[in-house]
Every structure is written in C-alpha cells, then in structure tokens.
Amino acid sequence: MLTRRGFAGFASCALCGLAEFAATDASAQGTPPPAPAGFTRKMLTQMDGPAPGYVTLVAEVTIDPGVLVARHTHPGIESGYVVSGGLELPIEGQPTRMLKAGDGFQVPVATPHAGAKNGDTKTVVVSTYVVEKGKPLASPA
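Quick caveat: nothing in here was measured; it's all calculated off a predicted structure. (Residues numbered from 1 in each chain as written. Predicted model: local features only at pLDDT ≥ 70, side-chain atom pairs only at ≥ 80, totals over all residues. Heavy atoms only, no water.)

1. Focus on the sheet that holds strand 4 (residues 76–84)
Convention followed: The rule for pairing is simple: two strands pair if DSSP sees at least two bridges between them. Runs of H or I in DSSP of at least four residues are treated as helices and runs of E of at least two as strands, each being numbered from the N terminus. To obtain an axis, a line is fitted to C-alpha atoms, over the contacting stretch when the element is a helix, and the angle between two such axes runs from 0 to 180 degrees between their N-to-C directions.
Spatially, 1-2-9-4-7 is the arrangement adopted by the five strands of the open sheet, whose pairing is antiparallel. Pairing within the sheet leaves two strands with one partner each, and these edge strands are strand 1 (39–48) and strand 7 (104–107). Going from strand to strand, the sheet's axes swing by 20 degrees on average, the running direction of each strand aside. Bridge analysis of strand 1 against strand 2 (residues 54–63) gives nine bridges, and the strand direction is antiparallel. Paired with Thr40 across the bridge in strand 2 is Thr62.

2. Describing the sheet that holds strand 3 (residues 69–73)
Here we have three strands laid out as an open sheet, ordered 8-3-10, and antiparallel in their pairing. Edge positions in the sheet fall to strand 8 (113–115) and strand 10 (139–140), since each has one partner strand and no second. Bridge analysis of strand 3 against strand 10 gives two bridges, and the strand direction is antiparallel. When the sheet's bridge partners are listed, His72 is paired in strand 10 with Pro140.

3. A look at the side chain of Thr62
Stated formally: What makes two residues a contact is simply this: any of their non-hydrogen atoms within 4.5 Å.
The topology assignment puts Thr62 in strand 2. Thr62 has contacts with Gly38, Phe39, Thr40, Lys122, Thr123 and Val124, leaving out every residue within four places of it along the chain.

4. Some details on the nonpolar core
Convention followed: Residues belong to a common nonpolar core when they are buried Ala, Val, Leu, Ile, Met, Phe, Trp, Tyr or Cys residues joined through side-chain atoms within 4.5 Å. Only protein chains enter the accessibility calculation, which uses a 1.4 Å probe; a residue whose area is less than 20% of its type maximum is buried, one above 50% is exposed, and one in between is partly exposed.
Counting 19 residues, the largest nonpolar core has Leu57, Val61, Ile63, Phe105, Val125, Tyr129 and Val131 as its most contacted members. Of all elements in the fold, only strand 2, strand 5 (86–89), strand 7 and strand 9 (123–132) reach the threshold of two or more residues within this core. Among the elements that make up this core, the one with the highest residue count is strand 2 (five residues). Apart from residues lying up to four places away in sequence, Val61 is in contact with Phe39, Thr40, Arg41, Thr123, Val124, Val125 and Tyr129.

5. Considering the environment of Asp103
To keep things clear, this is the line we draw: In protein, a polar contact means a hydrogen-donor-capable atom and an acceptor-capable atom, both N or O and within 3.5 Å, with residues adjacent in sequence counting only if both atoms are side-chain atoms; elsewhere, any N or O pair within 3.5 Å suffices.
Note on placement: Asp103 falls in the loop between strand 6 (97–100) and strand 7. According to the relative accessible area criterion, Asp103 is buried, its value standing at 18%. Residues Asp103 and Val82 lie 21 residues apart in sequence; the distance between their C-alpha atoms is 5.5 Å. Sequence-distant contacts of Asp103, that is, excluding residues within four places in its chain, are made with Gly80, Tyr81, Val82 and Met98. Side-chain polar atoms of Asp103 contact the backbone nitrogen of Lys100, separated by 2.8 Å.

6. Topic: the pattern of salt bridges
The condition is simple: Any Lys or Arg side-chain nitrogen found within 4 Å of a carboxyl oxygen on Asp or Glu counts as a salt bridge.
Under the defined criterion, the tally for this structure stands at four salt bridges. In this structure, the salt-bridge partner of Lys135 is Glu132, at a minimum N-O distance of 3.4 Å.

In structure tokens:
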C-alpha cells in the first residue's frame, strides 16, 4: 500500500526526473536550463566535436554584483576568461583563486566549483565548454 509520504516521495522523484529530462533536452539543443536571478549564460557558438558524443559551446556568462554562483559541475571541461569584474573561484582540490579582468581559468571534468565574492560590479566571463552531448550543461554539486 502506498502511503501519502511514499506517494509524495515518488511524485517528487518523478518531477525531478522530468526536470532532468527537460534540462538534458535543452542542453542537447544548446539552450541551458534556467539560471538563478542575477546570472545569465548567453550561448555565442555551438558545434559538434571535437570527438563523437561531444559538443563545444562558447558562452558569455554575466554575474550581477553580490550574486553567488552555487556549487556545480559540468560533464566536460570549462575553460574561461574574465572579461570584466572579478570573482572568487573555489574549485574542489585546488586553492581558491581571486580572478580579475584578464585572468583565465580551467575547471576539470565533473569537478565541483562555484563563484563568490564578485564585489559591487558586474562580472563578465567568456567560457568554452567541451562537454558530453545530451547531458545538462550544469548540475548542482
């Protein structure tokens, strides 16, 4: 017999599954899932490769002043360049770095990282992602 608690758990798992499916479908089309307020990711280019099953995306990421980017992972490599502003970049297994305009960074495959303390100015980053095709571009970690 399915109790209310059991049904609620099942329903929330089903909803999570549907959300994951929608996010996967969106990322396969080059449109990432919705981002938190104060954070935007504008896709600039997308192409298949460099190997079968992968896609390369270039995006402009904008982070409003005071916005914290939650800890997350990508199903591939992220290589970025800070165009303006700056932020603190904690990457699991590495010392936290303070990035400013002109600094570059790389995040290894499936490595949790976040963004914090970007101060009182907007931060703009251009990132290249080489990720597994059909997987969500970003997942909470």
